[in-house]
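Fold and contact review
One letter stands for each residue in the lines below.
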Amino acid sequence: KDSRRRRDANTQDAMPEAGTMTLTVAEEEEEDEEGFHGHGHGSMEVLALPVALDRVGWGPFHWKFVVQCGLSWSCDMIEIALLSFLIPMVTSGPAALPSSTPSPGFLVGGVTFAGELLGSLLFGVVSDLKGRRIGYLASTALIALAGLLCAASQNVETLVALRFFVGLGLGGVTCAFTLLSEVVGSAHRGKRIILSMGLLWTAGGVFATGAAWALDALIPDPNWQWRALVMVSAAPSVLLLILFPWLVESPRFHLGAGKREAAEKTVRKIALANRASAFPRNFRLREPSAPSSRGEGATIARVLFGEDLWPTTLILASLWLLNMGSYYGICFVTPIYFKAQHDNVYVAAFVSSVSEVPGILAVSWAADRVGRRGALIAGYSVCAVATALLSLSAYLPYAALVTSAVFSRASAMASIMALYLYTPEVYPTQARNAALGLGSACSRVAGILVSYLSFRSETLASAVAAIAVYAASVAVSAVLAFLLPIETKGRSSDALRTTTA
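Conventions we followed
- Residues numbered from 1 in each chain as written.
- Predicted model: local features only at pLDDT ≥ 70, side-chain atom pairs only at ≥ 80, totals over all residues.
- Heavy atoms only, no water.
- Helix = DSSP H or I, 4+ residues; strand = E, 2+ residues; numbered from the N terminus.
- Buried < 20%, exposed > 50% of the residue type's maximum accessible area, 1.4 Å probe, protein only.
- Contact = heavy atoms within 4.5 Å.
- Areas by Shrake-Rupley, 256 points an atom, 1.4 Å probe, with all protein chains shown as cover.
- Core = buried A, V, L, I, M, F, W, Y, C linked by side-chain atoms within 4.5 Å.
- Phe/Tyr/Trp six-rings, centres within 6.5 Å; stacked < 30°, edge-to-face > 60°.
- Lys NZ or Arg CZ within 6 Å of the ring centre and 35° of its normal.
- Axes fitted to C-alpha atoms, helices over the stretch in contact; angles between N-to-C directions.
- Parallel < 35°, antiparallel > 145°, perpendicular 65-115°, else oblique.
- Left-handed = near helix turned anticlockwise from the far one by under 90°.
- Nonpolar A, V, L, I, M, F, W, Y, C, P; charged D, E, K, R; others polar.
- Salt bridge = Lys/Arg side-chain N within 4 Å of Asp/Glu carboxyl O.
- pLDDT = per-residue confidence, 0-100.
- Expected span 1.5 Å × (residues − 1).
- Arc of directions from axis to C-beta.

**Digging into the overall build of the protein chain**
For the protein chain, the helix and strand inventory stands at 20 helices and 5 strands. The burial tally for the protein chain puts 51% of its 501 residues in the buried class. Considering only intrachain contacts with a sequence separation of at least 6, the fraction spanning at least 24 residues in the protein chain is 82%. Accessible area of the protein chain: about 21900 Å², with a carbon and sulfur share of 64%.

If you want it as structure tokens, here you go:
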């Protein structure tokens, strides 16, 4: 009996962690000259990809990769923030382009977002069929080429057509998000990626505003000023194309495509760059079981709109529409609003852009202390009050209005980050991408709507009316966030699956 107990205890200690298997038992472990920690010669450890990515941890490779992928988020915001300066330049004033359309400002903005909506569908298919890396390359090349060609536009119609293709490319920014998430272990995939995305997105807004301000001072001719602005805005996308040869493909995509050796090569490259000394020298990635796609769409739809989660899904779709619409609207209308009052447009836009950084840091702190719902409610409440105060141009001085714009923009961005955290956490694994996709689609529709509200007229009365609508939208968002039935702070994935079962 004693010997049996000892054998059982030894067997229990030797059990591998979930997702691993050792094919050959070695007598002793050794460490090779590259720093890998492995068993003796002939030993082969079989790892599931999630386990392998967890073992390589987070290190120098991921920081560089965040920059490579995250610059696409900066490019996205640069091209969106560009609209708030470009549209007034080309639709009125000395540099106005000839147009036969009654609402040229709305068309330039609305068509850009319509292109994004179609591009997110197109490049989603491309990245699934040809790879995240190819989808990323094609979308970035489209943004760079169409963005540069915008500078040669001789009328609004040509500019609108080219902005559609810029938007089409911007829809492929999701390829970069997917690529980054698929080379990061589960322990680092949540808040770290979201915070990186938010900070780089904000950096894009600061870049666009700073570029517009600098070119206004350096180029006196307004006709060349806007043309230079669109070329400078396309420059970061050109930089991304230069960095493309150093971009790796998703090992998850390679495994799904039957290219196991390519996936293993990428994982080994990550482990070497991160100096993951505990990573096995000899390993093999486990082939994924072929998932059945039969009825998969119907299954996801049943999860999103099932008996337990349909109220949450409807509330979240509304929050994505209202939150992103208010954020885009505040970005678009701020320059028009201050220009109509003959105030310094660039100071207000630049300071409010920079203010997003403390907003992002604040929500990263609040989300783990008051919860995701609490962070959403607080963000929307602050945004509603600040945006309402921003509309009081007849009663408040310039400094007070700029301060209101700062709190409005910072709280709107903080709420978006909390929404990005909450949305995938509330759903089981198989429906998380679909839930984010639904939110992304709602945000594109919101962009089309606020393009009309913000750019239909450049009068002060029109800007004040638009700001009032955005204030009301975030006030409604605060109520909807209060009605969310689930708090995801501290909940495990297993708990969420049980809730939706």
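There's plenty left to go through after this.
**What about the environment of S196?**
Along the chain, S196 turns up in helix 8 (residues 191-218). The exposure class assigned to S196 is buried, which follows from its relative accessible area of 11%. Sequence-wise, S196 and V66 are 130 residues apart; in three dimensions their C-alpha atoms are separated by 7.2 Å. The contacts of S196, once residues within four sequence positions are left out, are V66 and W73.

**Some remarks on helix 2 (residues 49-56)**
Spacing of three or four residues puts side chains on the same side of an α-helix, whose turn is 3.6 residues. Residues of helix 2 that are buried: L49, V51, A52, L53 and V56. Looking at the residues trailing helix 2, positive phi occurs at G57, about 65°.

**Observations regarding the nonpolar core**
Counting 140 residues, the largest nonpolar core has F65, F279, Y327 and Y328 as the members making the most contacts within it. With 18 residues, helix 3 (residues 60-91) is the single largest residue contributor to this core. Dropping the residues within four chain positions of it, F65 is found in contact with G70, L179, L180, V183, L247 and V248.

**Digging into the packing of aromatic side chains**
Applying the stated criterion across every chain yields a total of 17 aromatic pairs. Ring geometry for Y328 and F332: centres 6.3 Å apart, planes at 15°, overall stacked. Residue Y328 and its partner F332 are located together in helix 13 (residues 310-340), separated by 4 residues, close to a single helical turn. The buried category is assigned to Y328, whose relative accessible area is 1%. Judged by its relative accessible area of 0%, F332 is buried. Put simply, the rings of F113, W201, Y327, Y328, F332 and F455 touch in pairs and so form one group of aromatic residues. A cation over an aromatic ring shows up here: R133 above the ring of F244, its NZ or CZ 4.2 Å from the ring centre.

**Re the packing of helix 4 (residues 104-130) against helix 6 (residues 156-170)**
Here helix 4 crosses helix 6 at 30°, and the two axes come no closer than 6 Å. When the axis of helix 4 is compared with that of helix 6, the two are roughly parallel. Like other packed secondary-structure pairs, helix 4 and helix 6 cross with a definite hand, here right-handed. Together, P104, L107, V108, V111, T112, A114, G115, E116, L118, G119, L122 and F123 of helix 4 and V156, L159, V160, R163, F164, G167, L168, G169 and L170 of helix 6 make up the contact between the two elements. Tallied by class, the residues present in the contact of helix 4 with helix 6 amount to 14 nonpolar, 5 polar and 2 charged.

**Some thoughts on the pattern of salt bridges**
One pass over the structure, following the stated rule, counts 6 salt bridges. With a closest N to O distance of 3.0 Å, R55 and E45 form a salt bridge. Of this pair, R55 sits in helix 2 while E45 is found in strand 4 (residues 45-47), placing the two residues 10 residues apart along the sequence. Assessed through its relative accessible area of 27%, R55 is described here as partly exposed. Between R409 and E356 there is a salt bridge; the shortest N-O distance is 2.6 Å. Highlighted residues: R409 in helix 17 (residues 398-425) and E356 in helix 15 (residues 356-366), separated in sequence by 53 residues.

**Topic: the packing of helix 5 (residues 132-149) against helix 7 (residues 173-181)**
A pair of packed helices can be characterised by two numbers: the angle between their axes and the separation between those axes. Here helix 5 crosses helix 7 at 150°, and the two axes come no closer than 8 Å. As far as their axial angle goes, helix 7 and helix 5 are roughly antiparallel. Once helix 5 is placed against helix 7, the crossing between them reads as left-handed. Across the interface between the two elements, R132, G135 and Y136 from helix 5 touch C175, A176, T178 and L179 from helix 7.

**Re the side chain of S443**
Secondary-structure assignment places S443 in helix 18 (residues 429-455). Taking the relative accessible area as the measure of exposure, S443 reaches 4% and is therefore buried. Those residues in contact with S443 that lie beyond four places of it in its chain are W320, M324 and Y328.

**Some details on the confidence of the model for the protein chain**
Chain-level pLDDT for the protein chain is 82 on average; 86% of the residues reach the 70-or-more range. Confidence drops under pLDDT 50 across residues 22-34; counting only partners more than four residues distant or on other chains, this segment forms 27 contacts. The low-confidence segment residues 492-501, where pLDDT is below 50, has 14 contacts with residues more than four positions distant or belonging to other chains.

**Remarks on helix 11 (residues 260-274)**
Here helix 11 contains 15 residues, and its C-alpha end-to-end distance of 21 Å stays within 8% of the 21 Å for a straight helix at 1.5 Å per residue. Along helix 11, the positions that sit buried rather than exposed are A263, E264, T266, V267, I270, A271 and N274. Seen from one end, helix 11 has its buried residues packed into an arc of 160°, which puts them on one side. Turned more than 90 degrees away from the buried face of helix 11, the exposed residues are E261 and K265. At its buried positions, helix 11 is contacted by helix 2, helix 3, helix 10 (251-256) and strand 5 (283-285). In the segment just after helix 11, R275 is the residue with positive phi, at about 55°.

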